[in-house]
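# Structural overview
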Amino acid sequence: MSSYGGGSSSKPRIASSQPSETSSKRKRGVFQKELQHMMYGFGDDPNPLPESVALMEDIIVEYVTELVHKAQDIGSQRGKLSVEDFLYLIRKDMPKLNRCTELLSMNEELKQARKVFESDEEKLRKVFEVDEPVE
């Protein structure tokens, strides 16, 4: 993972042994297991060093936090934050944009399937209630 992928930032990146101000306020290790699995999936050791996982977590949390702040700035012009604000921010990163649109469409398909399933379940429940004799 050689590129940061966050585009040009208004803040200069300075290597420091001090934790960033956002990382010192948050609970660390929340995503440790998930990150270990992701790192293994991308070719790392099945049990990566805890320092590597912590570094990856810091990088990811910083990236997501920065992305959310930028999206809030864009959304504040309209008065609310929306998915389109995030899509606008990643519009030039085609792999991310394509993956996001794919996940959003799958989410819509799942919502529709749940809706159909729940309505079918409700219809079946009504049919069985009518068929049951009342004592």
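Residues numbered from 1 in each chain as written. Predicted model: local features only at pLDDT ≥ 70, side-chain atom pairs only at ≥ 80, totals over all residues. Heavy atoms only, no water.

All right, on to helix H2 (residues 32-41) then. Along H2, the positions that sit buried rather than exposed are Leu35, Gln36 and Met39. Each buried residue of H2 sits inside an arc of 105 degrees when the element is viewed along its axis, so together they form one side. The exposed set on the far side of H2, more than 90 degrees from its buried face, consists of Lys33, His37 and Gly41. Phi turns positive, to about 105 degrees, at glycine 43, one or two residues after H2. (Buried < 20%, exposed > 50% of the residue type's maximum accessible area, 1.4 Å probe, protein only. Helix = DSSP H or I, 4+ residues; strand = E, 2+ residues; numbered from the N terminus. Arc of directions from axis to C-beta.)

The tally for this structure, following the rule as stated, stands at eight salt bridges. Measuring nitrogen to oxygen at the nearest pair gives 3.4 Å for the salt bridge that ties glutamate 102 to arginine 99. Remark: arginine 99 and glutamate 102 occur in helix H5 (residues 94-131); sequence separation between them is three residues, near one turn of the helix. A relative accessible area of 39% means that glutamate 102 is categorised as partly exposed. On the basis of relative accessibility, which here comes to 43%, the residue arginine 99 falls in the partly exposed class. Through salt bridges that share partners, Glu121, Glu122 and Arg125 make up one connected network. (Salt bridge = Lys/Arg side-chain N within 4 Å of Asp/Glu carboxyl O.)

Don't take any of this as a statement about function, it's just geometry.
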